[in-house]
Amino acid sequence: MDKFPTHNKVLIIGAGPGGLCAAFKLVKSGVIPLIIEQQDITGGQAKSVCLDDVKVDVGNKQFYSRIPELIDFLENDLGCEMTNYLQRIGIVYNNKIFEQSSKYRGVRRGMPLFLLVQGLLDLVKSKLEASRIEAANFEKQMHQLRGKLFSKIFAQTYEEKVTGLLWKDVPFFKIESLQPDKNLINGLKRFVSHSKQIKSKQPLWQHPIQSTGKIAEIITAYLVQQGVPILYNSKVTGIDIEENNLNKVTIQNGEGISCEYADNVIVSAPISKINDWISGKNVSKNVIPKMRSAVIVYLVMSGDCLFEHTFLRIATPDTPITRITNYNAYDANMVGSGKCCIGIELFLHQNNVDYKQSDNWFLEMAVSFCKQANLIDADKIINSKVLRIPFGEAGLSPKDYLVNEELRSAYNNVSLKPNLYYITRTGLDRSMHAGLLAAAAILENKRDLFLSKTNQLATEPWLD
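As the structure is a prediction and not an experimental result, all values here were calculated from the model.

A. Region of interest: the packing of aromatic side chains. Under the counting rule described, the total for this entry stands at 10 aromatic pairs. Over the ring of tyrosine 104 we find arginine 88; its NZ or CZ atom is 4.2 Å from the centre of that ring. The ring of phenylalanine 154 has arginine 109 sitting right over it, with the charged end atom 5.0 Å from the ring centre.

B. Representation of the pattern of salt bridges in the model. One pass over the full model with this rule turns up 12 salt bridges. With a closest N to O distance of 2.7 Å, arginine 88 and glutamate 99 form a salt bridge. Taken together, the positions of arginine 88 in the loop between strand E6 (82–85) and strand E7 (89–93) and glutamate 99 in strand E8 (residues 96–99) put the pair 11 residues apart, joining distant regions of the chain. Looking at arginine 88, the relative accessible area reads 14%, which means it is buried. Between arginine 323 and glutamate 345 there is a salt bridge, with the nearest N and O atoms lying 2.9 Å from each other. Residue arginine 323 is located in strand E17 (residues 321–326), and its partner glutamate 345 is located in strand E18 (residues 339–349); the two are separated by 22 residues in the primary sequence. The same class applies to arginine 323 and to glutamate 345, which are both buried.

C. Local environment of the side chain of serine 101. As for its position among the elements, serine 101 is in the loop between E8 and helix H3 (113–130). What makes serine 101 buried here is its relative accessible area of 17%. One polar contact links the side chain of serine 101 to the main-chain amide nitrogen of lysine 103, over a distance of 3.0 Å.

D. Expanded view of the sheet that holds strand E10 (residues 230–231). Pairing in this open sheet of 5 strands is parallel, and the strands run E10-E2-E1-E14-E20 from one edge to the other. Pairing within the sheet leaves two strands with one partner each, and these edge strands are E10 and strand E20 (420–422). As paired strands, strand E1 (residues 10–13) and strand E14 (residues 264–267) are joined by 4 bridges and run parallel to one another. Paired with leucine 11 across the two strands is valine 265, which belongs to E14. Across the face of the sheet, helix H13 (residues 428–444) comes into contact with E1, E14 and E20 while running at roughly 175 degrees to E14.

E. Expanded view of the pairing of E1. Alternating residues of E1 divide into Val10 and Ile12 and Leu11 and Ile13, and every residue in both groups is buried. Pairing of E1 with strand E2 (residues 34–36), which is carried by 3 bridges, proceeds in the parallel orientation. Bridging across to E2, isoleucine 12 finds its partner in isoleucine 35.

F. Region of interest: the nonpolar core. With 42 residues, the main nonpolar core has Phe63, Leu74, Leu223 and Ile266 as its most contacted residues. In terms of nonpolar packing, the next biggest core, distinct from the first, is built from 28 residues, Ile342, Ile344, Leu346 and Ala373 among them.

G. Region of interest: the sheet that holds strand E9 (residues 205–208). In space, the 3 strands of this open sheet follow the order E5-E9-E6, with antiparallel pairing throughout. The two strands at the open ends of the sheet, each matched to only one other strand, are strand E5 (63–64) and E6.

H. Fine view of the packing of H3 against helix H5 (residues 148–163). Packing of H3 against H5 brings their axes to within 6 Å, and their N-to-C directions diverge by 120 degrees. Taken as axis vectors, H3 and H5 run oblique relative to one another. Contacts between H3 and H5 involve Leu115, Leu116, Gln118, Gly119, Leu120 and Asp122 from the first element and Lys148, Leu149, Phe150 and Ile153 from the second. The class makeup of the residues in the contact of H3 with H5 is 6 nonpolar, 2 polar and 2 charged.

I. Inspection of a negative patch on the surface at higher detail. A grouping of Glu69, Asp72, Glu75, Asp77 and Glu81 is seen on the molecular surface, where their side chains present a negatively charged patch. Along the chain, glutamate 81 falls in the loop between helix H2 (68–77) and E6.

J. Fine view of the packing of H3 against helix H4 (residues 138–146). Contact pair H3 / H4: the axes reach a minimum separation of 7 Å and the direction vectors enclose 120 degrees. Between H3 and H4, the crossing angle belongs to the class labelled oblique. Our pair here, H3 against H4, has a crossing hand that is left-handed. Together, Leu123, Ser126, Lys127, Glu129 and Ala130 of H3 and Lys140, His143, Gln144, Leu145 and Arg146 of H4 make up the contact between the two elements. Classifying every residue of the contact of H3 with H4 by side-chain character gives 3 nonpolar, 3 polar and 4 charged.

K. Structural view of H5. Taking 1.5 Å per residue as the helical rise, H5 with its 16 residues ought to reach 22 Å, whereas the 19 Å between its terminal C-alpha atoms falls clearly short. The largest bend in H5 amounts to roughly 45 degrees and is located at alanine 155. For H5, the tally of buried residues reaches 13 of 16 residues, placing the bulk of the element in the interior. Looking at the residues trailing H5, positive phi occurs at glycine 164, about 75 degrees.

L. Representation of a nonpolar patch on the surface in the model. On the surface, a nonpolar cluster with roughly 290 Å² of combined accessible area is contributed by Leu113, Val117 and Leu121. Residue classification places leucine 121 among the exposed positions, given a relative accessible area of 59%.

Basis of the calculations
- Residues numbered from 1 in each chain as written.
- Predicted model: local features only at pLDDT ≥ 70, side-chain atom pairs only at ≥ 80, totals over all residues.
- Heavy atoms only, no water.
- Phe/Tyr/Trp six-rings, centres within 6.5 Å; stacked < 30°, edge-to-face > 60°.
- Lys NZ or Arg CZ within 6 Å of the ring centre and 35° of its normal.
- Salt bridge = Lys/Arg side-chain N within 4 Å of Asp/Glu carboxyl O.
- Helix = DSSP H or I, 4+ residues; strand = E, 2+ residues; numbered from the N terminus.
- Buried < 20%, exposed > 50% of the residue type's maximum accessible area, 1.4 Å probe, protein only.
- Polar contact = N/O pair within 3.5 Å; in protein donor to acceptor, adjacent residues only side chain to side chain.
- Pairing = 2+ DSSP bridges.
- Contact = heavy atoms within 4.5 Å.
- Axes fitted to C-alpha atoms, helices over the stretch in contact; angles between N-to-C directions.
- Core = buried A, V, L, I, M, F, W, Y, C linked by side-chain atoms within 4.5 Å.
- Parallel < 35°, antiparallel > 145°, perpendicular 65-115°, else oblique.
- Nonpolar A, V, L, I, M, F, W, Y, C, P; charged D, E, K, R; others polar.
- Patch = residues over 30% accessible without salt bridge, like charges linked within 9 Å, V, L, I, M, F, W, Y side chains within 5 Å.
- Areas by Shrake-Rupley, 256 points an atom, 1.4 Å probe, with all protein chains shown as cover.
- Lys, Arg positive; Asp, Glu negative; His and termini not counted.
- Charge placed at Lys NZ, Arg CZ, Asp CG, Glu CD.
- Left-handed = near helix turned anticlockwise from the far one by under 90°.
- Expected span 1.5 Å × (residues − 1).
- Bend = angle between axes of the 7 residues up to and from the residue.

By themselves, these are just geometric observations and shouldn't be taken as functional.
Now the structure itself:
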């Protein structure tokens, strides 16, 4: 380690997608970082999950056209072949599949007539309420805008499962496009044209021709070739601050406790953990009161998938299942011919008793739900796997920062450290982009540009 001069050292905590991208860019410019990774493998949320010859993503992974420079980086810098695919989102509500977009199955999107009528009557009621009662929170705001039933089916139930944050706990959003009005025609137009709005924002969807783990494999192979030191199975236990700068990082691994000094530190750990390290105290429970974990149940089956959607949002309220990904729908070489693979995701709070259940319990629960909704033929299951992802904050959204003062304070505290670059973001593409921007800021001495482009507290959230 000592062969890398301290004055030229960048320390990267976390060899996930963002940290790996940062390391790649730094090394290409002649800067050799030291990487600290608590697992025995790189990749983080961009690892490959293998089930014999099937090699798929960790959950649902998407690359948007919203960051063209990232796609350019993947294709030209990494040589990672990408494929275009058709993004089709379904919504499972009480064992029926509806469409997110009216492009499929018309304006009704597969909704039975009685439910559509119920939703329209509810929309009328919401517009009458909007003329008399001012919305007190985000839930009321959205109900008055789109109707209670349509909101719950097409957004609320799913979003609350993903984030663990109830809409009623989110303050009123002062964004013009979300302001309730009493005009019923406007409400109907939003329901009919919802898919067109989505399409205009996101015209192209892409995915690595193989699983997203291929990205981590390419970068890791390059870093190893260039002699970049990666400390696996290493845990950061503390960070010392000197004149507001991060100065010394304490690391614990199988060889004992050691200290590393760095001019700049790029961190992809949860922001609550960073504050624990800086303060030397276990304050994360105050910063993030609802730490999230995930469980993914993978099912490999013979034959074709019974649904064509890229993924399904689960709006059924009485199940913890949040999302189901169809890996065959990416037009990538992940599954192979003659079989299909789906990933059934659950997002759970750290104190949720379900998280302590056995793998077999999760498997049986997932299979039972999918059978009832006619999503699988259970007799064709040929392989399965349960993956647990412990506490993290990758699912934090701008809404979380609105309602959690401790989180905002933690983010501001981290942002004030001039040699610290916090790159954990919602979305694989955001995290990777943040890593590239952090490396560029260090190389070009433009930290302000990094902060402005990745600001979590912006009025209009980064890239939303």
